Amino acid sequence: MAWTKWQFALALTMVVTGSINTLSTKWADNIESEGSDGQIRRFEHPFVQACAMFLGEFLCLLTFKGLYYHMRRKNNGAEDRHDLVRGNREFRPTVLFVPAMCDMLATSIMYVGLNMTYPSSFQLLRGSVIIFVGILSVAFLNRTLVKREWFGIGFIMLGLAVVGMSDVISNDDNGSQYTRNNVITGDLLIILAQIITAVQMVYEEYYVAGLDIPALQAVGWEGFFGFTVLGTLLLPMYFIKVMPPFNDNAHGVLEDLPDALAQIKNNYQLIIAITGTIVSIAFFNFAGISVTKEISATTRMVLDSVRTLVVWVVSLLLVWQKFHYLQVIGFAGLLFGMCLYNDIFILQTYRRIKVALLLRIGRQSEGMREVIINRQADEPDR
């Protein structure tokens, strides 16, 4: 069945805004600006950037409220029919506090890792969440993984190993700002964040999925909790001294909000990059939710893989990293594993080929049978 223009627009929006989100965050990391101490340095403020992401998610809640009240004013029950707002609106928002905290912790750790490694690796390594979701589902949701899913996890692990190897080798060839230890640490932090994200997903499936909460509202409340809590934590972070490579700010602390604000004030490019993060995450969540509803969840997974490819290609074009063939192999392994785990394309193609071959063999056998019968009929009686 062909996509409608609306479905195509949603898919394109998801790929473009998802790619912009990663690229704008990494762009901000690479921008140099004068800090609060008068020194020019790169913008390395992962917790401030995480706050910006949660602000973008909070915009989804405002969007939900706007759509709901707009439809409610029509007095024709539209608010109970439209996919973006229909569902259970009588629930305690605090049920989303735990997944919001998981999201806050995972996002903050990922952004710390992104400061130390390549944007394509950041995007590729996020695929490891499937491994941990599968394992935690078996442990806590009493789910049984079939062979296809176990093989998919195996290929994803192989792809991740190749991506890690390519990072180390590329770092040796690059002579860039990244040291080998930084790259390895960054990759490990991103994988650690995926474990926390998997906990969030399993929690949501166990406690939240059955509540039928409109997706935009769920994302928005998680953004509200994440922004409120992390924004409050920026104050004590200013007084926590940390060791390199986690303290590239004016005061050598876990997060230096005054330094971040000074750097943003002194370089308009940072305003553009952070605004890109806020707006892109809001549109990405909207498009992702809509793709799941309008097309399918598997389509959303495929489009997320396309986003990974876009981030990698743009990173190469911007010379944020050098090309290495191992990344192609790692990406192929991850994509193959994701397709196996989610039963997308590979096994479906195999089944179609198998059915076609069996039908062909069946037709050939039927033809041979008719030939034999005809020959026997033409032979004279003996």
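Because the structure is a prediction, the values reported are computed rather than measured.

Draft legend 1. A look at the pattern of salt bridges. Summed over all chains, the structure comprises five salt bridges. Note that Arg143 and Glu149 form a salt bridge whose closest N and O atoms lie 2.3 Å from each other. Take Arg143: its relative accessible area is 32%, and that puts it in the partly exposed class. When salt bridges that share partners are traced, they join Asp37, Arg41, Asp248 and Asp259 into one network.

Draft legend 2. Region of interest: the packing of helix H2 (residues 46-72) against helix H3 (residues 97-114). For the pair H2 and H3, the least separation of the axes is 8 Å and the interaxial angle reads 135°. Relative to H3, the element H2 lies oblique. The interaxial crossing formed by H2 with H3 has right-handed handedness. Along the contact surface, H2 presents Pro46, Phe47, Gln49, Ala50, Met53, Phe54 and Glu57, while H3 presents Asp103, Met104, Thr107, Ser108, Tyr111 and Val112. When its residues are assigned to classes, the contact of H2 with H3 shows eight nonpolar, three polar and two charged.

Draft legend 3. Broad picture of unusual backbone geometry. One non-glycine residue, Asn75, adopts positive backbone phi at about 55°. With respect to the element layout, Asn75 can be found in the loop between H2 and H3. Located in the positive-phi region is Asn142, a residue other than glycine, with phi close to 55°. For Asn142, a relative accessible area of 69% puts it in the exposed group.

Cut-off values and rules
Residues numbered from 1 in each chain as written. Predicted model: local features only at pLDDT ≥ 70, side-chain atom pairs only at ≥ 80, totals over all residues. Heavy atoms only, no water. Salt bridge = Lys/Arg side-chain N within 4 Å of Asp/Glu carboxyl O. Buried < 20%, exposed > 50% of the residue type's maximum accessible area, 1.4 Å probe, protein only. Axes fitted to C-alpha atoms, helices over the stretch in contact; angles between N-to-C directions. Helix = DSSP H or I, 4+ residues; strand = E, 2+ residues; numbered from the N terminus. Parallel < 35°, antiparallel > 145°, perpendicular 65-115°, else oblique. Left-handed = near helix turned anticlockwise from the far one by under 90°. Contact = heavy atoms within 4.5 Å. Nonpolar A, V, L, I, M, F, W, Y, C, P; charged D, E, K, R; others polar.

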